[in-house]
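Fold and contact review
What follows is the residue order along each chain.
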Amino acid sequence: MDLLNLDDRLTEDQRLVRDTAQGFVRDHVLPDVATWFEEGTFPARELGPVLGSLGMLGMHLSGYGCAGLDATSYGVACRELEAGDSGLRSFVSVQGSLAMFPIWKYGSAELKEEWLPALAAGTAIGCFGLTEPDHGSDPANMKTFAKQDPSGDWILNGSKMWITNGSVADVAVVWAQTDGGIRGFVVPTSSPGFSAPLIHRKLSLRASVTSSLYFDDVRVPASSVLDVVGLKGPLSCLSEARFGILWGVVGAGRACFEAALEYAKTRVQFGKPIAGFQLTQEKLAWMAVALGQAGLTALHLGALKDAGVLRPQQVSFGKLANVRAALDVAREARSVLGANGVTLEYPVIRHMNNLESVLTYEGTQEIHTLVLGEALTGVAAYR
Amino acid sequence: MNIVVCVKQVPDTATERKLRSDDSTIDRSANGVINELCEYAVEDALKLKEAHGGEVTVLTMGPDQATDAIRKALAMGADKAVHLSDEALHGSDALSTSYALSQALKKIGFDVVILGSESTDARTGMLAAMLAERLGVPQLTLASKIEVDGSAISIHRQTDYGYDKVEATLPAVVSVVEKPDPFKPRYPSFKGIMAAKKKPIEKIGVADAEIDPAQIGLAAAWSVVSDFTAAPPRGKGVVVNDEGDGGTKAAEFLVSKKFI
Ligand SMILES: Cc1cc2nc3c(=O)[nH]c(=O)nc-3n(C[C@H](O)[C@H](O)[C@H](O)COP(=O)(O)OP(=O)(O)OC[C@H]3O[C@@H](n4cnc5c(N)ncnc54)[C@H](O)[C@@H]3O)c2cc1C
């Protein structure tokens, strides 16, 4: 139910991308996702190769077995995957934008050959380690350190936290301080001294693997360092992933809205469907407006990215506005479902809880607000 | 093997479908999608190609903008497409459509032609038989499974008592039915979608296919829509209150409707 017919603006190819992602979610995700959420698991090893065969991993990159889609297609695919679950979209975002993208953009020819085809096929899984226990919004002060020894090898020490895919990954893109500024390293998770225990007791993004990473004298060859210095390396990756998020959350919000609409039309109280009460209609109308606006923002930013002119503060605008909108829609939808809204029989509370993580990761609401504040005033207010 | 799949673009079944008020033909201005059974036809064609080699050509007849269906078939893996499009074809009924398609098929050449057993818009279900007749080749209709061995082709046709095995020699026309899960049409992969952009779509008109204009279009149609009305809204249904005899009442209802 899209009052604005936004998808009429998509090309034939973009609609095919949408349909394939929708089909995948319908057949491979929706039947089981509530169980994964309840059990706190994500079948990364099983879904990886299926996602890979459909070209969903590194879909917006070219070469090395990647599909080479345009930015809007990438966004549309994220939207449909996240209509399934934010955990699924997180898996795809991390693999494509946070693990593959830095190797594709900053890696040596050997690193690309070694990792990209397997990551694109989903036979290998990647993760991205930036956040640390004591440094989240402020990664510039990270403590993980890499020191080059006389042989040219790099020795890593330190820890990362909240790392999606960490425990199931074959390779980690790890950002660390060095004597010459922050650098990125491509670290096989089989390296001696590397460990990645699971983080338990999350109540959000439960159908997603989240881990800590520990580096205890982990040695990697000189060829594993990425060709970028400073925070702009990880930030360029996050910009790619955030673009997927600002589209993705529109899917999560839509799933909640659709569940609420369907429920409202069939749930009878006081002798008529609750959809017939003005208060319910106000909720539904408001949700449709919020989602339409978020969808428009996504489409516009997609067009800018396809034209090659998308700026980081515009991505912040989209992430800030759309995640907030989706979370508000999810909460409103939850109320429409009454008691049924608190169970996993319906997708709403699952999405609602997931969106709390989406609100925080890849730059919190507050940080994106400050990015916009800086863009508007010219004054940085982070510290 | 030279495989041609006929696909049709139809109005999305999820949206409200309408007839045009001026000439009672189907309103094709709404969102067009590939006819669902045509996707099964494409899947069967691709499986045949995977097993026996050759080439899969998509043939569609429809207005200029009806390219979604072609794109999808190419993205699934078909090699090339022929789009028969001409103002003169507007309003063609099943009989003249079969004539126009048969002319195009003669031009393309084929070992086997595969099509869905019916489309969700007109639902005549007659095209395969008409095509076979016009082309003078055997028809194997309502296939749930297709096998080719040299120049022999056989299909399974589901029946109440099991299935019929129908055999013929190539070239032939096959119409296919919906199948359960492992045989469902593949989704186009993202790489397939990108590859389809580079595949050739040949646009041909009535003259190119040597179609006699007198035998096509609204004027030549043998069937006419004389009138149509919207289906009445669905009634409330019968509510059976269970007062200990619910089962009996439900059974009586089913008997009255000749279900049991
Ligand atoms: C499920 C999940 C998966 C994740 N996956 C990954 C991953 O794969 N890789 C990775 O590197 N990280 C990942 N993260 C980490 C995530 O990016 C961080 O949690 C996020 O950056 C915030 O950091 P923090 O949790 O340390 O919060 P903090 O930075 O401590 O922030 C706490 C609060 O203070 C606010 N705050 C901080 N600084 C300011 C300021 N200057 N002005 C105003 N408010 C401020 C924040 O907005 C927030 O509200 C994941 C997180 C979650 C929950």
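The structure presented is a predicted model; accordingly, all values stated were derived computationally and were not measured.

1. Points about the overall build of chain B
What chain B contains, in helices and strands, is seven helices and twelve strands. Principal-axis analysis of the C-alpha atoms gives chain B an extent of 70 × 45 × 40 Å. Burial statistics for chain B: of 260 residues in total, 38% are counted as buried. Excluding contacts between residues fewer than 6 apart, the proportion of contacts in chain B whose partners are at least 24 apart in sequence is 71%.

2. A short note on the sheet that holds strand β1 (residues 2-6) of chain B
The strands making up a sheet are joined through hydrogen bonds of the backbone, oriented either antiparallel or parallel. Residue and element names in this part refer to chain B. The strand order across the open sheet formed by seven strands is β7-β11-β6-β1-β4-β5-β12, and the pairing between neighbours is parallel. Of all the strands in the sheet, the pair left with one neighbour each is β7 (139-143) and β12 (201-204). Sheet twist, expressed as the average angle between the axes of neighbouring strands with direction ignored, equals 20 degrees. Running at roughly 170 degrees to strand β4 (residues 55-61), helix α2 (residues 68-76) makes contact with β1, β4, β5 (80-84) and β12 of the sheet.

3. With respect to the interface of chain B and chain A
Listed as interface residues are 13 residues of chain B and, on the opposing side, 15 residues of chain A. Within the residue set of the side of chain B that touches chain A, elements represented by two or more residues are α2 and α5 (190-196) of chain B. By residue class, the composition of the side of chain B that touches chain A is six nonpolar, two polar and five charged.

4. Some details on the site of the ligand
All names here are of chain A. Looking at the ligand, there are 21 residues lining it, with Leu-130, Gly-136, Ser-137, Thr-364 and Glu-366 nearest. Broken down by secondary-structure element, the contributors of at least two residues to the shell around the ligand are β3 (126-129), β5 (154-164), α10 (348-360) and α11 (365-377). A breakdown of the residues in the shell around the ligand according to their chemical character gives ten nonpolar, nine polar and two charged. When residues of the shell around the ligand are sorted by domain, at least three fall in each of domain 2 (126-224) and domain 3 (232-377).

5. Some words on unusual backbone geometry
That bond from Leu-170 of chain B to Pro-171 of chain B is cis: its omega, -5 degrees, falls within 30 degrees of zero. Tracing the backbone shows Pro-171 of chain B in the loop between β10 (162-169) and β11 (172-176). Phi is positive for Arg-201 of chain A, which is not a glycine, with a value near 65 degrees. Relative to the helices and strands, Arg-201 of chain A is located in the loop between β8 (194-195) and β9 (210-220). Classification of Arg-201 of chain A by C-beta neighbours within 10 Å gives exposed; the count is 6.

6. Concerning the environment of Pro-49 of chain A
Residue and element names in this part refer to chain A. Structurally, Pro-49 can be placed in helix α3 (residues 44-53). A tally of 13 C-beta atoms within 10 Å means that Pro-49 is categorised as partly exposed. With 172 residues separating them in the primary sequence, Pro-49 and Pro-221 have C-alpha atoms 29 Å apart. Beyond its immediate sequence surroundings of up to four residues, Pro-49 is in contact with Ala-121, Gly-122 and Thr-123.

7. Description of the pairing of β10 of chain B
Residue and element names in this part refer to chain B. Among the eight residues in β10, zero count as buried, and that is only a small part of the element. Relative to β10, strand β9 (residues 152-159) runs antiparallel, the two being bridged by eight bridges. Bridge assignment links Arg-157 to a residue of β10, and that residue is Asp-164. As consecutive antiparallel partners, β9 and β10 are separated by two residues.

8. Comments concerning the domain arrangement of chain A
Often, the extent of an interface is quoted as the loss of accessible area upon association of its parts. Residue and element names in this part refer to chain A. Each assigned domain of chain A is listed here: domain 1 (6-121), domain 2 (126-224) and domain 3 (232-377). Centre-to-centre, using C-alpha coordinates, domain 2 lies 30 Å away from domain 3. Counting from both sides, the interface comprises ten residues of domain 2 and, opposite them, nine residues of domain 3. Residue composition of the side of domain 2 that touches domain 3, by class: seven nonpolar, three polar and no charged.

9. Side note on the confidence of the model for chain B
When the pLDDT values of chain B are averaged, the result is 91; 100% of them are 70 or greater. The ipTM, which scores confidence in the relative placement of chains, is 0.92 for this predicted complex, and the corresponding pTM is 0.92.

10. With respect to α10 of chain A
Residues and elements named next belong to chain A. In a regular helix each residue adds 1.5 Å, so 13 residues correspond to 18 Å; α10 covers 19 Å between its end C-alpha atoms and thus fits that length. Within α10, burial applies to Val-348, Ile-349, Arg-350, His-351, Met-352, Asn-354, Leu-355, Ser-357, Val-358 and Leu-359. Lining the buried residues of α10 we find α2 (33-39), α5 (86-106), α7 (232-266), α9 (312-336) and α11.

11. Section: α2 of chain B
Residues spaced three or four apart along an α-helix point in a common direction, a consequence of the helix completing one turn every 3.6 residues. Residue and element names in this part refer to chain B. The buried fraction of α2 is high, at nine of nine residues. Regarding α2, the residues found buried are Asp-68, Ala-69, Ile-70, Arg-71, Lys-72, Ala-73, Leu-74, Ala-75 and Met-76. Positive backbone phi, at 140 degrees, marks Gly-77, one or two positions downstream of α2.

12. Some thoughts on the packing of α9 of chain A against α11 of chain A
All names here are of chain A. Where α9 meets α11, the closest approach of the two axes is 9 Å, and the angle between their N-to-C directions is 135 degrees. Judged by the inter-axis angle, α9 sits oblique to α11. Of the two elements, α9 crosses α11, and the hand of that crossing is left-handed. Here α9 contributes Gln-313, Ser-316, Phe-317, Lys-319, Leu-320 and Arg-324 to the contact with α11, which in turn contributes Gln-365, His-368, Thr-369, Val-371, Leu-372 and Ala-375. Among the residues making up the contact of α9 with α11, the classes are represented as five nonpolar, five polar and two charged.

13. Details of the UniProt feature "domain: Electron transfer flavoprotein alpha/beta-subunit N-terminal" (unreviewed entry) in chain B
When the UniProt feature table is mapped onto this chain numbering, "domain: Electron transfer flavoprotein alpha/beta-subunit N-terminal" (unreviewed entry) sits at residues 23-213 of chain B. As a span, residues 23-213 of chain B carries 30% helix and 29% strand, and end to end its C-alpha atoms are 19 Å apart.

14. Observations concerning the sheet that holds strand β8 (residues 145-149) of chain B
Residues and elements named next belong to chain B. Reading across from one edge, β8-β9-β10 is the order of the three strands in this open sheet, with antiparallel pairing throughout. The open sheet has two free edges, formed respectively by β8 and β10, since each of these has just one partner strand. Adjacent strand axes in the sheet meet at a mean angle of 20 degrees when their direction is disregarded.

Criteria and thresholds
- Residues numbered from 1 in each chain as written.
- Chains lettered and ligands numbered in written order.
- Predicted model: local features only at pLDDT ≥ 70, side-chain atom pairs only at ≥ 80, totals over all residues.
- Helix = DSSP H or I, 4+ residues; strand = E, 2+ residues; numbered from the N terminus.
- Buried ≥ 20, exposed ≤ 12 C-beta atoms within 10 Å, placed from the backbone.
- Contact = placed C-beta atoms within 7 Å.
- Pairing = 2+ DSSP bridges.
- Axes fitted to C-alpha atoms, helices over the stretch in contact; angles between N-to-C directions.
- Nonpolar A, V, L, I, M, F, W, Y, C, P; charged D, E, K, R; others polar.
- Near = placed C-beta within 6 Å.
- Domains from an automatic or database assignment.
- pLDDT = per-residue confidence, 0-100.
- Expected span 1.5 Å × (residues − 1).
- Parallel < 35°, antiparallel > 145°, perpendicular 65-115°, else oblique.
- Left-handed = near helix turned anticlockwise from the far one by under 90°.
- UniProt positions renumbered as here; feature names shortened; annotations may be inferred.

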